[in-house]
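A look at the structure
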Amino acid sequence: MTFIDLRSDTVTKPGPAMRAAMAAAEVGDDVYAEDPTVRDLEEYVADLFGQPFALFTPTGVMANQLAVRLTVPAGGELVLDADAHIVAHEDGAAAAQGGVQTRTTLSPRGLLDPADLARLIRVGNPYTVGTDLVAVEQTHNRGGGSVYPLERLTAIRELVSGYGLPLHCDGARIWNAHVATGTPLRTYGALFDSLGVCLSKGLGAPAGSVLMMPAEYEAEARRMRHRMGGGMRQAGILAAGGRYALEHHVERLAEDHEHARELAVLLRDAGFAVVDPETNIVLVELGERQPDAAAVAERCRAEGVLVSAFGPRLVRLVTHMDVDAAGCARAASAIAQAAKG
Ligand SMILES: *Cc1c(COP(=O)(O)O)cnc(C)c1O
């Protein structure tokens, strides 16, 4: 059976042209900062966002954790929304490895409101933990691929700067925000002190993220990446896949967004409560009379359709380059069948 896999956009596989670019990549030892293809990718991405310095990492989790660890000491505090990837999906890394405490609030669709944020940020003193870093997520994964409007990000930037604090963006899917809104990457880049972007989600590279940050962090960032086990040697083979993805797979994300809107229409027509997709993520809220998300996911699998149970009554579907409109339609009817009694 050929599966329609909508569990995540991480399931995208490199095609023949990307593989050819990877096979042809010039390589060196990237722990010595001597892999020319990695250096090229880092400079290319830094330039796309107008950021001073960039470092290639094996994963988005490592990019986020590096940004956190470079700015928050053990016992220090990171402020962000309660459904952030850093809080929900990084296995407690900030706490387990960095001794970092988080202070969070639940926000509609994961997007922090500047007024709420103002209540969370605090100035430390000998008996009060102070905020060391604020983080936002663009687009927001658990928020259903929601997009921070630029004005909101600008207000957050001003607020955070008012406290003299750095602002990190988990921009694993910032490409989707860029394509959905037309906001230039450099406009986003100018807002953040550090910014992590993912190459292996909708862009379709097999692995890799890039973390941008101030240039003075370079030596410490390289040391810490190595300490975390992320010092890769001939990593240019992976970086070449990322570079290919950036040159060929960014603008096409618009198709994934269109497929997400079509899926939402089909599912609403079938009677489901669907969170409005702003990019490539569709959240389906199951009613009390419907089977739970795990049961729906299991029944769909039997029909060759893979979806994520994202909460007890929440199903997540993520559109991407390896699923076309017909595949989405097949997925919608499998879900409708699966949710019947
Ligand atoms: C996927 C994701 C990451 C990082 O993922 P990796 O699997 O480690 O590459 C970080 N943030 C968000 C919002 C994500 O969706």
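Residues numbered from 1 in each chain as written. Predicted model: local features only at pLDDT ≥ 70, side-chain atom pairs only at ≥ 80, totals over all residues. Heavy atoms only, no water.

Points about the overall build of the chain
Regarding its fold elements, the chain presents 14 helices and 13 strands. For 341 residues, the compact-globule formula gives about 20 Å, and the C-alpha radius of gyration of the chain, at 20 Å, lands near that figure. C-alpha extents for the chain along the principal axes are approximately 55 × 55 × 35 Å. The buried share of the chain, reckoned over its 341 residues, is 54%. For the chain, the proportion of contacts with a sequence separation of at least 24, taken over those separated by at least 6, is 75%. Carbon and sulfur atoms make up 52% of the accessible area of the chain, which amounts to about 13,900 Å² in all. (Helix = DSSP H or I, 4+ residues; strand = E, 2+ residues; numbered from the N terminus. Rg over C-alpha atoms; globule rule 2.2 N^0.38 Å. Buried < 20%, exposed > 50% of the residue type's maximum accessible area, 1.4 Å probe, protein only. Contact = heavy atoms within 4.5 Å. Areas by Shrake-Rupley, 256 points an atom, 1.4 Å probe, with all protein chains shown as cover.)

A closer look at the sheet that holds strand S2 (residues 53-57)
Pairing within the open sheet is mixed, and its 7 strands lie in the order S2-S8-S7-S6-S5-S3-S4. Strands at the two margins of the open sheet, each flanked by one partner only, are S2 and strand S4 (101-105). The sheet shows a mean angle of 20 degrees between the axes of neighbouring strands, taken without regard to direction. Across 4 bridges, the pairing between strand S7 (residues 194-198) and strand S8 (residues 209-213) is antiparallel. Bridging across to S8, Gly-196 finds its partner in Leu-211. Along the sheet, helix H2 (residues 36-49) makes contact with S2, S7 and S8, crossing S2 at roughly 130 degrees. Against the sheet, helix H10 (residues 218-227) contacts S2 and S8, and its axis sits at roughly 5 degrees relative to S2. (Pairing = 2+ DSSP bridges. Axes fitted to C-alpha atoms, helices over the stretch in contact; angles between N-to-C directions.)

Here's the deal with the sheet that holds strand S12 (residues 308-311)
Here 4 strands make up an open sheet; going across it, the order is S9-S10-S13-S12 and the pairing antiparallel. One side of each edge strand has no neighbouring strand; the edge strands of this open sheet are strand S9 (273-275) and S12. The average undirected angle you get between the axes of adjacent strands in this sheet is 35 degrees. Of the pairings in the sheet, the one linking S9 to strand S10 (residues 281-285) comprises 3 bridges and is antiparallel in character. Considered in S10, the bridge of Val-274 is made with Val-284.

Some remarks on the pattern of salt bridges
Here the structure, examined in full by the defined rule, presents 18 salt bridges. Here Asp-9 makes a salt bridge to Arg-173, at a shortest N to O gap of 2.8 Å. With Asp-9 in the loop between strand S1 (4-5) and helix H1 (16-23) and Arg-173 in the loop between strand S6 (167-171) and helix H8 (174-181), this residue pair connects regions lying 164 residues apart in the sequence. Under the relative-accessibility criterion, Asp-9 is labelled buried at 0%. A relative accessible area of 3% means that Arg-173 is categorised as buried. Several salt bridges converge on common partners, so that one network encompasses Arg-252, Glu-255 and Asp-256. (Salt bridge = Lys/Arg side-chain N within 4 Å of Asp/Glu carboxyl O.)

As for the UniProt feature "modified residue: N6-(pyridoxal phosphate)lysine" (unreviewed entry) in the chain
Per the UniProt record, the feature "modified residue: N6-(pyridoxal phosphate)lysine" (unreviewed entry) sits at Lys-201. Tracing the backbone through its elements, the reader meets Lys-201 in the loop between S7 and S8. When its relative accessible area of 14% is taken as the criterion, Lys-201 is described as buried. Among all residues touching Lys-201, those that are not within four sequence positions of it are Asp-9, Thr-10, Thr-12, Ala-172 and Arg-173. (UniProt positions renumbered as here; feature names shortened; annotations may be inferred.)

Let's talk about the packing of H1 against helix H11 (residues 236-248)
Two quantities define a packed helix pair, namely the angle between the axes and the distance from one axis to the other. Orientation of H1 relative to H11, taken along the N-to-C sense of each, is 135 degrees, at an axis distance of 8 Å. The orientation of H1 relative to H11 falls into the category oblique. The way H1 lies across H11 gives a crossing that is right-handed. In this structure, H1 uses Ala-17, Met-18, Ala-21 and Met-22 to contact H11, whose residues at the interface are Ile-237, Leu-238, Ala-240, Gly-241, Tyr-244 and Ala-245. Looking at side-chain class alone, the contact of H1 with H11 contains 9 nonpolar, 1 polar and no charged residues. (Parallel < 35°, antiparallel > 145°, perpendicular 65-115°, else oblique. Left-handed = near helix turned anticlockwise from the far one by under 90°. Nonpolar A, V, L, I, M, F, W, Y, C, P; charged D, E, K, R; others polar.)

Describing the packing of aromatic side chains
Any two aromatic rings considered together are summarised by their centre-to-centre distance and by the angle between their planes. Summed over all chains, the structure comprises 1 aromatic pair. Seen from the ring of Phe-310, Arg-142 lies directly overhead, with NZ or CZ sitting 4.1 Å from the centre. (Phe/Tyr/Trp six-rings, centres within 6.5 Å; stacked < 30°, edge-to-face > 60°. Lys NZ or Arg CZ within 6 Å of the ring centre and 35° of its normal.)

Quick word on the domain arrangement of the chain
How big an interface is tends to be stated in terms of accessible area lost as the parts join. Domain parsing of the chain yields domain 1 (16-248) and domain 2 (252-338). The C-alpha centroid of domain 2 is placed 28 Å from the C-alpha centroid of domain 1. At the interface, 19 residues of domain 1 touch 14 residues of domain 2. Looking at the side of domain 1 facing domain 2, the largest losses of area belong to Arg-109, Arg-142 and Asn-176, adding up to 33% of the total buried there. One salt bridge connects Arg-109 with Glu-278, and the closest N-O pair in it is separated by 3.4 Å. Across the domain 1-domain 2 interface, the total number found is 7 residue pairs in polar contact (both at pLDDT 80 or more). No other element matches H8, which puts 4 residues into the side of domain 1 that touches domain 2. Split into classes, the residues belonging to the side of domain 1 that touches domain 2 amount to 5 nonpolar, 11 polar and 3 charged. (Domains from an automatic or database assignment. Buried area = accessible area lost by both parts, 1.4 Å probe. Polar contact = N/O pair within 3.5 Å; in protein donor to acceptor, adjacent residues only side chain to side chain.)

Some remarks on unusual backbone geometry
Trans peptide bonds make up most of the peptide bonds, and negative phi angles are found at most residues other than glycine. The residue after Gln-138, namely Thr-139, is reached through a cis peptide bond having omega -10 degrees. Structurally, the position occupied by Thr-139 is in the loop between strand S5 (131-137) and helix H7 (150-162). Unusually for a residue other than glycine, Ala-33 sits at a positive phi of about 60 degrees. Inspection of the secondary structure puts Ala-33 in the loop between H1 and H2. Of note in this structure, Asp-91 is not a glycine but carries a positive phi near 55 degrees. Mapped onto the fold, Asp-91 is located in the loop between helix H4 (85-88) and helix H5 (93-98).

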